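# Coordinate inspection notes
Here is how the chains run, residue by residue.
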Protein chains: 2
Amino acid sequence: MKRFSLNQATTKHWPLPELVAGCVEAGVTGVGLWREDIQAYGVQKSAALARDAGLAVTSLCRSGFFQEPGWEEENKRAIDEAAALGAPALVLVSGGLPPGSRDVDAARAHVGEAIGALVPYALDAGVQLAIEALHPMFASDRCVVSTLKQALDLAAPYPAEAVGVVIDTYHLWWDDAVWEQIARAGRERRIASFQVADWVTPLPAGVLLGRGLPGTGCVELRRFREAVDAAGYTGPIEVEVFAEEVWARPGREVLDETLELYRTHVV
Amino acid sequence: MKRFSLNQATTKHWPLPELVAGCVEAGVTGVGLWREDIQAYGVQKSAALARDAGLAVTSLCRSGFFQEPGWEEENKRAIDEAAALGAPALVLVSGGLPPGSRDVDAARAHVGEAIGALVPYALDAGVQLAIEALHPMFASDRCVVSTLKQALDLAAPYPAEAVGVVIDTYHLWWDDAVWEQIARAGRERRIASFQVADWVTPLPAGVLLGRGLPGTGCVELRRFREAVDAAGYTGPIEVEVFAEEVWARPGREVLDETLELYRTHVV
């Protein structure tokens, strides 16, 4: 339980003060927060809310989107927000192909350069940039980084305290190279965040909101948890599920079920 | 034009005799056929129809589904059908996880063993089994073989005349290892079929019917065609698109547009 963290996206419509109170009541000690929510509530106010409740902010989701105009300023703002919240890791989703482009190699190379440009700022802020590989079904429109190997290769030129990776079971479970890459991520001290969701089918239109709570799908979640542990990772385990039918339910009910499933299928 | 082949799935509702006549009128010399269609029309009758029209049957789609009861008999029947049609390649889609299973490694291993069991029968029939890697978004429910590297590794223990691979742009475009694996496939004489479709988003619910005609999406189709050529492949280039809005249109209209797009984006 002490490693469990509730990613805010799992209980998307639970207002932040209620979420914080609900976590405290349930004995949860960490939360992963989202930029749009902390911006709406106020960054400093959000930071104070979590701090006063004794909750660690385990990650801030998310920035990146390096094909958008103004990506550099936007990412620096996100780094500032992560620092203000005391979040050790800022999750980066790289964005897809630029409009009209078919050049995925160039898009991936640009992601590496863009991250490099943010490294000094991240080091100054004490925030680790966490490159997230998204499932290849998002490669064209959301994230050209599709495997843990790609994420680690992009991180490689930079110091580990500035650039790490996210290991997200939902995005990586299908990849038979993931186990050796998790071990590599540990050796290279790059594991910035470990996020858990399950894979369920059929996928909904748009494929974004089709995740399952832990244990409701086909991912070997415990195998992932044991692999990150074996790689030397001792940090938080965030449950992050995007699903309309989960969002439709009361936050506390979802949190309680998530904790039960986490105990059964993850730890 | 002489390498172009129309995969029947692109014009799904075009009855076989009309499809054959339409291909002949358009100067097309090859078709890829589907088992349910040739079974409905009659296997021998379908073979005669294509032969009498001077059309080569470039592949038969599809068999595999090795987690189903009776897979061995069903796959032998498919090999017989391919032989009857004179199709050099039988496309194998491996099937997903067995019901209730989370063990994707075991499912992949079983695919390799099942293919091995079919090798003598395929050699006798003169049909090459063509392992198709499907996009990782199908890994749980349709095909546990997710990359060209996996397909080639599964084929490796068996003679190339018995077991090859399909290179399908739709399924493989996101993979940065695909180029070295295409070269490997050529070296190992495993390229049994080259199929072309484009990647378009947003994906529809269920994600099966979201493909685009060549040039309507983000795949570097010409780069793929040049890569298979450079690997020594000189066989047919099938266009295979599953999309409700394409299926809703008259077959001949779709064929003419496909030919135009093929000339512009593939050759």
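Higher on the page you've got the structure.
Residues numbered from 1 in each chain as written. Chains lettered and ligands numbered in written order. Predicted model: local features only at pLDDT ≥ 70, side-chain atom pairs only at ≥ 80, totals over all residues.

### Description of the overall build of chain A
- A tally of regular secondary structure across chain A gives 11 helices and 10 strands.
- If one aligns the C-alpha atoms of chain A with their principal axes, the spans along those axes are about 45 × 40 × 35 Å.
- The 267 residues of chain A split such that 56% are buried.
- Here the contacts in chain A between residues at least 6 apart in sequence split such that 79% fall between residues at least 24 apart. (Helix = DSSP H or I, 4+ residues; strand = E, 2+ residues; numbered from the N terminus. Buried ≥ 20, exposed ≤ 12 C-beta atoms within 10 Å, placed from the backbone. Contact = placed C-beta atoms within 7 Å.)

### So, the relation of the copies chain A and chain B
- With an RMSD of 0.0 Å, chain A superimposes on chain B once it is rotated by 180° and translated 0.0 Å along the axis. A rotation of that kind, with that shift, is consistent with a two-fold axis. Using C-alpha coordinates, one finds that chain A approaches the rotation axis most closely at A205 of chain A, a distance of 1.8 Å.
- A shared binding surface is used by both copies, with 100% of the interface residues of chain A retained as interface residues in chain B. (Least-squares fit on C-alpha atoms with pLDDT ≥ 70 in both.)

### A short note on helix α9 (residues 221-230) of chain A
Residues and elements named next belong to chain A.
- When α9 is considered as a whole, its buried residues turn out to be L221, F224, R225, A227 and V228. On an axial view of α9, the arc spanned by its buried residues comes to 160°, and they lie on one face.
- Positive phi shows up at G232, right after α9, with a value of about 95°. (Arc of directions from axis to C-beta.)

### A closer look at the packing of helix α1 (residues 16-26) of chain B against helix α3 (residues 43-52) of chain B
Residue and element names in this part refer to chain B.
- Between α1 and α3, whose axes approach to 10 Å, the crossing angle comes to 15°. What the angle tells us is that α1 and α3 run roughly parallel. In this structure, α1 crosses over α3, and the sense of that crossing is right-handed. On the side of α1, the interface is formed by L16, P17 and V20, while α3 contributes S46, L49 and A50. (Axes fitted to C-alpha atoms, helices over the stretch in contact; angles between N-to-C directions. Parallel < 35°, antiparallel > 145°, perpendicular 65-115°, else oblique. Left-handed = near helix turned anticlockwise from the far one by under 90°.)

### Here we look at the sheet that holds strand β3 (residues 56-64) of chain A
All names here are of chain A.
- Spatial strand order, β1-β2-β3-β4-β5-β6-β7-β10: eight strands in a closed barrel with parallel pairing. Looking at each pair of strands side by side, their axes are set apart by 30° on average, direction ignored.
- Judged from the five bridges that link them, strand β2 (residues 30-34) and β3 form a sheet pairing that is parallel. Counted as the bridge partner of L33 is L60 from β3. (Pairing = 2+ DSSP bridges.)

### Topic: the environment of H13 of chain A
All names here are of chain A.
- Here H13 shows up in the loop between β1 (4-7) and α1 (16-26).
- A count of 11 C-beta atoms within 10 Å places H13 in the exposed class.
- A C-alpha to C-alpha distance of 8.0 Å links H13 and A248, two positions 235 residues apart in sequence.

### Comments concerning unusual backbone geometry
- The omega torsion across C61 of chain A and R62 of chain A is -10°, close enough to zero to call that bond cis.
- Among the secondary structure elements, R62 of chain A is positioned in strand β3.
- Phi at F65 of chain B is positive, roughly 45°, even though this residue is not glycine.
- Along the chain, F65 of chain B falls in the loop between β3 (56-64) and α4 (71-85).
- Accessibility expressed as a C-beta count within 10 Å gives 18 for F65 of chain B, which makes it partly exposed.
- For R189 of chain B, which is not glycine, the phi dihedral falls at a positive 55°.
- Within the element layout of this structure, R189 of chain B appears in the loop between α8 (178-187) and β7 (191-196).

### Section: helix α11 (residues 251-265) of chain A
All names here are of chain A.
- Taking 1.5 Å of rise per residue, 15 residues should cover 21 Å, and α11 covers 20 Å from first to last C-alpha, within 8% of that figure.
- Among the residues of α11, those classed as buried are G251, V254, L255, T258, L261, Y262 and H265. Seen end-on, α11 carries its buried residues on one side only, within an arc spanning 130°. Opposite the buried face of α11, at more than 90 degrees from it, the exposed residues are E253 and T264. (Expected span 1.5 Å × (residues − 1).)

### Brief notes about the nonpolar core
- Among the nonpolar cores identified, the biggest contains 185 residues, and L90, I131 and V165 of chain A together with L90, I131 and V165 of chain B are the most heavily contacted of them.
- Residue contacts for I131 of chain A: discarding those within four places in its chain leaves L92, I115, V145, A151, L154, A155, V163, V165 and V166 of chain A. (Core = buried A, V, L, I, M, F, W, Y, C linked by C-beta atoms within 7 Å.)

### Notes on the interface of chain A and chain B
- Each partner contributes to the interface: chain A provides 23 residues, whereas chain B provides 23 residues.
- Tallied by class, residues from the side of chain A that touches chain B come to 13 nonpolar, six polar and four charged. (Nonpolar A, V, L, I, M, F, W, Y, C, P; charged D, E, K, R; others polar.)

### Comments concerning the pairing of strand β2 (residues 30-34) of chain B
Residue and element names in this part refer to chain B.
- Counted residue by residue, β2 has four buried out of five residues, so it is predominantly covered.
- In this sheet, β2 lies alongside strand β1 (residues 4-7) in parallel orientation, the contact comprising two bridges. Within β2, the position partnered with L6 by the bridge is V31.
- Tracing the backbone out of β1, into α1 and back to the parallel element β2 gives a crossover that is right-handed. (Right-handed = clockwise from strand over helix to strand, strands pointing away.)

### As for the packing of helix α4 (residues 71-85) of chain A against helix α5 (residues 104-125) of chain A
Residue and element names in this part refer to chain A.
- Packing of α4 against α5 leaves a shortest axis separation of 10 Å and a crossing angle of 30°. The angle between α4 and α5 places the two elements in the roughly parallel class. Judged by the twist between their axes, the crossing of α4 over α5 is right-handed. On α5, the residues touching W71, E72, N75, K76, I79, D80 and A83 of α4 are A114, A117, L118, Y121, A122 and A125.
- Its residues assigned to classes, the contact of α4 with α5 shows nine nonpolar, one polar and three charged.

### Notes on the pairing of β1 of chain B
Residue and element names in this part refer to chain B.
- By the alternation rule, side chains of β1 split into F4 and L6 and S5 and N7, which are all buried.
- As defined by bridge partners, β1 adjoins strand β10 (residues 237-239) across three bridges and the pair is classed as parallel. What sits directly across from L6, in β10, is V239.

### Observations regarding the sheet that holds β1 of chain B
- If you walk around this closed barrel you meet the eight strands as β1-β2-β3-β4-β5-β6-β7-β10 (chain B), and the pairing is parallel. Between one strand axis and the next, the sheet turns through 30° on average, direction left out of account.

### Comments concerning the environment of V20 of chain A
Residues and elements named next belong to chain A.
- Considering the arrangement of structural elements, one finds V20 in helix α1.
- With 21 C-beta atoms packed within 10 Å, V20 lands in the buried category.
- When the C-alpha atoms of V20 and V31 are compared, they prove to be 8.2 Å apart, with 11 residues separating the residues in sequence.
- Contact partners of V20, with chain neighbours within four places excluded, come to L49, A50, A53 and L55.

By themselves, these figures tell us nothing about what the structure is for.
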